[in-house]
Amino acid sequence: MKKEKKFALAVIIFGAVCAAPFFTGKILVNTTPSVPVGLWLKDDGKIKRGDVVQVPFESFKFIEWVPEVYRKKNSWGNIPYLKRAAGLPGDSVELMPDGLLKISGKVISNSAAISFDNAGNKLETYPLPLTLESDEIWLTSDTERGFDSRYLGPAKLSECHKVLPLITK
């Protein structure tokens, strides 16, 4: 085989090896400020408070009211949300007088809900207080404008997957 053909074959194989994790769903791309922007690796580890998780939109409990603009899709289907685990089964979630959330005694900064998004859509909020059930997780964003459990309610823990940062900003 000529050197050019060997080199071309090597480039194709290298490209396929690098692209494979994206197509298998093991590597996720996050472009929103809910958690750091960048590449994330799906992990099979147990989810703990503070972990970032991948969650399908349909896994949230309170989505009937959500405008179409938030039902993220691409040519392969729904785009999973990446959010931070703030509450786990048995945790209490309550609203403080200043509008911030308190989860099992810990006040969550930047957690006050907003009434309207940047496009002027009215945002509904999930009724509080509540105690998370055995397969429920409360998810937050790293930004006060994130679209998370404040508006979508708890998600099904069994449908969430822990993710680890590969390259983030």
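On a predicted model such as this, the values are computed, not experimentally measured, just so you know.

1. Observations regarding the overall build of the protein chain
Secondary structure summary: the protein chain contains 2 helices and 13 strands in total. For the protein chain, the residues scored as buried account for 35% of the 169 residues in total. Across the protein chain, contacts joining residues at least 24 apart in sequence account for 67% of those joining residues at least 6 apart.

2. Here's the deal with the nonpolar core
Ranked by size, the top nonpolar core spans 20 residues in total, and within it Val66, Ile137, Leu139, Phe147 and Cys160 carry the most contacts. Only β3 (52-55), β6 (81-87), β11 (136-140) and α2 (149-152) provide two or more residues apiece to this core. The contacts of Ile137, once residues within four sequence positions are left out, are Ile47, Ala85, Gly87, Leu88, Leu132, Ser149, Pro154, Ala155, Lys156, Leu157 and Cys160. Residues Ala86, Val93, Ile108 and Trp138 belong to the second largest nonpolar core, which totals 9 residues.

3. Thoughts on a nonpolar patch on the surface
A cluster of nonpolar side chains, Leu41, Leu164, Leu166 and Ile167, forms an exposed patch at the surface whose accessible area comes to about 330 Å². In terms of residue count, the dominant contributor to the nonpolar patch is strand β13 (residues 161-168) (3 residues). Note on placement: Leu41 falls in strand β2 (residues 38-42).

4. Some words on the packing of aromatic side chains
Scanning the entire structure with this criterion turns up 7 aromatic pairs. Measuring from centroid to centroid gives 6.4 Å for Phe60 and Tyr81, while their planes differ by 75°, and the two rings are edge-to-face. One end of the pair, Phe60, is in the loop between β3 and β4 (73-74); the other, Tyr81, is in strand β6, and 21 residues separate them in sequence. Tyr81 carries the same exposure label as Phe60, and that label is buried.

5. Some points on the sheet that holds strand β1 (residues 27-30)
Reading across the sheet, the 7 strands line up as β1-β2-β13-β3-β6-β11-β12 and stay open at both edges, with antiparallel pairing between neighbours. Whereas interior strands pair on both sides, the edge strands pair on one side only; in this sheet they are β1 and β12 (155-156).

6. So, the sheet that holds strand β10 (residues 130-131)
Strands sit in the order β9-β8-β7-β10 across an open sheet of 4 strands; the sheet is antiparallel. Across the chains shown, the open sheet's two edge strands, defined by having one partner strand only, are β9 (106-108) and β10. With 3 bridges connecting them, strand β8 (residues 101-103) and β9 associate as antiparallel partners. Paired with Lys102 across the bridge in β9 is Val107.

7. Remarks on the side chain of Asp51
Mapped onto the fold, Asp51 is located in the loop between β2 and β3. A relative accessible area of 13% means that Asp51 is categorised as buried. With residues up to four places along the chain from it excluded, the contact list for Asp51 reads Lys46, Lys83, Arg84, Ala85 and Lys162.

8. So, the pattern of salt bridges
Enumeration over the complete set of coordinates arrives at 6 salt bridges. The salt bridge partner of Asp142 is Arg84, with a shortest N-O separation of 2.8 Å. Here Asp142 is found in the loop between β11 and α2, whereas its partner Arg84 is found in strand β6, with 58 residues between them in sequence. Taking relative accessible area as the criterion, Asp142 reaches 34% and is therefore assigned partly exposed. With its nearest N and O atoms 3.9 Å apart, the salt bridge here joins Glu159 to Lys156. We classify Lys156 as partly exposed; its relative accessible area is 40%.

9. Thoughts on the pairing of strand β7 (residues 92-95)
Bridge count for β7 against β10 is 2 bridges, and the pairing is antiparallel. Looking at the pairing, Val93 lines up with Leu130 of β10.

Parameters and conventions
Residues numbered from 1 in each chain as written. Predicted model: local features only at pLDDT ≥ 70, side-chain atom pairs only at ≥ 80, totals over all residues. Heavy atoms only, no water. Helix = DSSP H or I, 4+ residues; strand = E, 2+ residues; numbered from the N terminus. Buried < 20%, exposed > 50% of the residue type's maximum accessible area, 1.4 Å probe, protein only. Contact = heavy atoms within 4.5 Å. Core = buried A, V, L, I, M, F, W, Y, C linked by side-chain atoms within 4.5 Å. Patch = residues over 30% accessible without salt bridge, like charges linked within 9 Å, V, L, I, M, F, W, Y side chains within 5 Å. Areas by Shrake-Rupley, 256 points an atom, 1.4 Å probe, with all protein chains shown as cover. Salt bridge = Lys/Arg side-chain N within 4 Å of Asp/Glu carboxyl O. Phe/Tyr/Trp six-rings, centres within 6.5 Å; stacked < 30°, edge-to-face > 60°. Pairing = 2+ DSSP bridges.

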